[in-house]
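Observations on chain architecture
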Amino acid sequence: MPSRIDSIEATPEGPASARAAPSGVATASTPDSDRLQAFIERYGADQAATMHAATVVLGDRLGLYAALAAHGPCPPEDLAEVTGCHPRLLREWLNAQVASGYTEHDPAGGTYWLTPEQAACLADPASPTYLIGGMLAASSNHKDVDTLARAFTSGGGLGWGGHHPDLYVGTQRLFGPVYRANLVPHWIPALEGMQARLESGARVVDVGCGHGEALIRLAEAYPASRFAGFDNHVASIEAARTAAAEAGVSDRVTFEVATAEDFPGRDYDLVCVFNALHEWGDPVGAARHIRRALAPSGTWMFTEPRADDDPAESVRARTFYSVSTMVCTPSALARARRGGPGRPSGAGET
């Protein structure tokens, strides 16, 4: 056990600095007024961001960002005409976006618009920096609070399928632009010899395929190859089949319900796992099954978020520890409990 408790001091002026509390004492009995004010200001900023997040989800659902990108600069009344929304409510929504730096505003002319940078992140699904899905996924966490509270007090596990549907859609929309921008142009060429194998005809599997976004992108690029996606979430498999049909690749892509411990097939040239390994209850056991499923010269490609071993004050750490609390660790605990000690877990879903 450590001999002291380290606390973090946050200041409005700059990065946090560490200070040592007396041995065995977690907090001072009387708050320091400057530190108290700094924390109040930080809390207020977080509260404002949380409230603003709901307006982002609302704006996306109503098509407001896309309409503003297409028709701005414009006053609320003009935006109301093209969106069918109430102009008075639009004025409040637009001002909320201005206050958070999500739109631009000319007070003299009463007009609002998106910069090219804002549009690339909020209004253009084809942009590699389209981020709107992340806010939808974050919003789902608030809708899952009651469910997670039960998990905290009754074994810890909550499988992927137990979350609000916004998590699945938000995850697909967040990672889709990443796959479109990187999978075929950069990731596949980085695997020695894999591009040629895919062009001539390879067998590929995606474990934890979610809505099938990555596999569909591969099937579009390499029509001579055959692709199979597996996921233990029935609704995601159904969504993946629909997406494959809409993309016109159902002739070479199949999606089936299966877990990381029991997905079928052998001699795969490429096994993909995208941002799912950390959600498996027994990733080592699952890796053994993947190894058995690979051809002797096959390749396992997986991506994982880069996280810090210890909590440190940063946007990345705040994001990952929060989503791990609400989604990833409960999923791993649920799969470990279901599989039993020493058994491979089910497929992750992203």
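Residues numbered from 1 in each chain as written. Predicted model: local features only at pLDDT ≥ 70, side-chain atom pairs only at ≥ 80, totals over all residues. Heavy atoms only, no water.

Thoughts on the overall build of the chain
When helices and strands are counted, the chain shows 13 helices and nine strands. Burial analysis of the chain (350 residues in total) assigns 40% to the buried set. Surface summary for the chain: the accessible area is close to 18,000 Å², and the carbon and sulfur share equals 57%. (Helix = DSSP H or I, 4+ residues; strand = E, 2+ residues; numbered from the N terminus. Buried < 20%, exposed > 50% of the residue type's maximum accessible area, 1.4 Å probe, protein only. Areas by Shrake-Rupley, 256 points an atom, 1.4 Å probe, with all protein chains shown as cover.)

As for the pattern of salt bridges
A complete count under the given rule lists 12 salt bridges for this structure. Between Arg318 and Asp46 there is a salt bridge, with its nearest N and O atoms 2.9 Å apart. On the criterion of sequence distance, the pair formed by Arg318 in helix α13 (residues 315-339) and Asp46 in helix α1 (residues 33-61) is long-range, its members being 272 residues apart. Of the residues examined, Arg318 reaches a relative accessible area of 41% and is grouped as partly exposed. Between Glu220 and Arg217 there is a salt bridge; the shortest N-O distance is 3.0 Å. Of this pair, Glu220 and Arg217 are both found in helix α10 (residues 213-221), three residues apart, which corresponds to roughly one turn of the helix. (Salt bridge = Lys/Arg side-chain N within 4 Å of Asp/Glu carboxyl O.)

Section: the sheet that holds strand β8 (residues 268-274)
Taken together, the five strands give an open sheet; going across it, the order is β7-β6-β5-β8-β9, and neighbouring strands pair in parallel fashion. Only two strands of the sheet have a single neighbouring strand rather than two, namely β7 (253-257) and β9 (294-303). Strand after strand, the sheet turns through a mean of 20° between neighbouring axes, direction not considered. Of the strands in this sheet, β6 (226-231) and β7 are in contact with helix α11 (residues 234-247), which crosses β7 at around 170°. (Pairing = 2+ DSSP bridges. Axes fitted to C-alpha atoms, helices over the stretch in contact; angles between N-to-C directions. Contact = heavy atoms within 4.5 Å.)

Quick look at unusual backbone geometry
In this structure, the amide linkage connecting Gly72 to the following residue, Pro73, adopts the cis form with an omega of -5°. With respect to the element layout, Pro73 can be found in the loop between α2 (64-71) and α3 (76-83). A positive phi angle, near 60°, is found at Asp267, a position not held by glycine. Note on placement: Asp267 falls in the loop between β7 and β8.

Considering the packing of aromatic side chains
A full pass over the atoms with the stated rule returns nine aromatic pairs. Aromatic pair Phe175 and Tyr179: ring centres 6.1 Å apart, planes at 20°, arrangement stacked. One end of the pair, Phe175, and the other, Tyr179, are both in helix α8 (residues 165-190), four residues apart, so they sit about a helical turn from each other. You can call Phe175 partly exposed: its relative accessible area is 21%. Note on Tyr179 and Trp187: the rings are 6.3 Å apart at their centroids and 75° apart in plane angle, and the pair reads as edge-to-face. The structure contains a cluster of three or more aromatic residues connected by ring pairs, namely Phe175, Tyr179, Trp187 and Phe274. (Phe/Tyr/Trp six-rings, centres within 6.5 Å; stacked < 30°, edge-to-face > 60°.)

What to know about the pairing of strand β5 (residues 203-207)
The element β5 is extensively covered by neighbouring structure, given that four of its five residues are classed as buried. Pairing between β5 and β6: five bridges, direction parallel. Note on β6: the bridge partner recorded for Asp206 is Gly229. At this point the chain moves from β5, through α10, to the parallel β6, and the crossover so formed is right-handed. For β5 and β8, the ladder comprises three bridges, and the chain directions are parallel. If you follow Val205 over to β8, its bridge partner there is Val271. (Right-handed = clockwise from strand over helix to strand, strands pointing away.)

Digging into the packing of α3 against helix α4 (residues 87-99)
For the pair α3 and α4, interaxial distance at closest approach is 9 Å and the crossing angle is 115°. With respect to α4, the element α3 is oriented roughly perpendicular. Between α3 and α4 lies a crossing of right-handed hand. Packed against α3, whose contacting residues are Pro76, Glu77, Leu79, Ala80 and Thr83, the element α4 presents Pro87, Leu90, Arg91 and Leu94 at the interface. In terms of residue class, the contact of α3 with α4 is built from six nonpolar, one polar and two charged. (Parallel < 35°, antiparallel > 145°, perpendicular 65-115°, else oblique. Left-handed = near helix turned anticlockwise from the far one by under 90°. Nonpolar A, V, L, I, M, F, W, Y, C, P; charged D, E, K, R; others polar.)

Bear in mind that shape data such as this cannot, by itself, settle questions of function.
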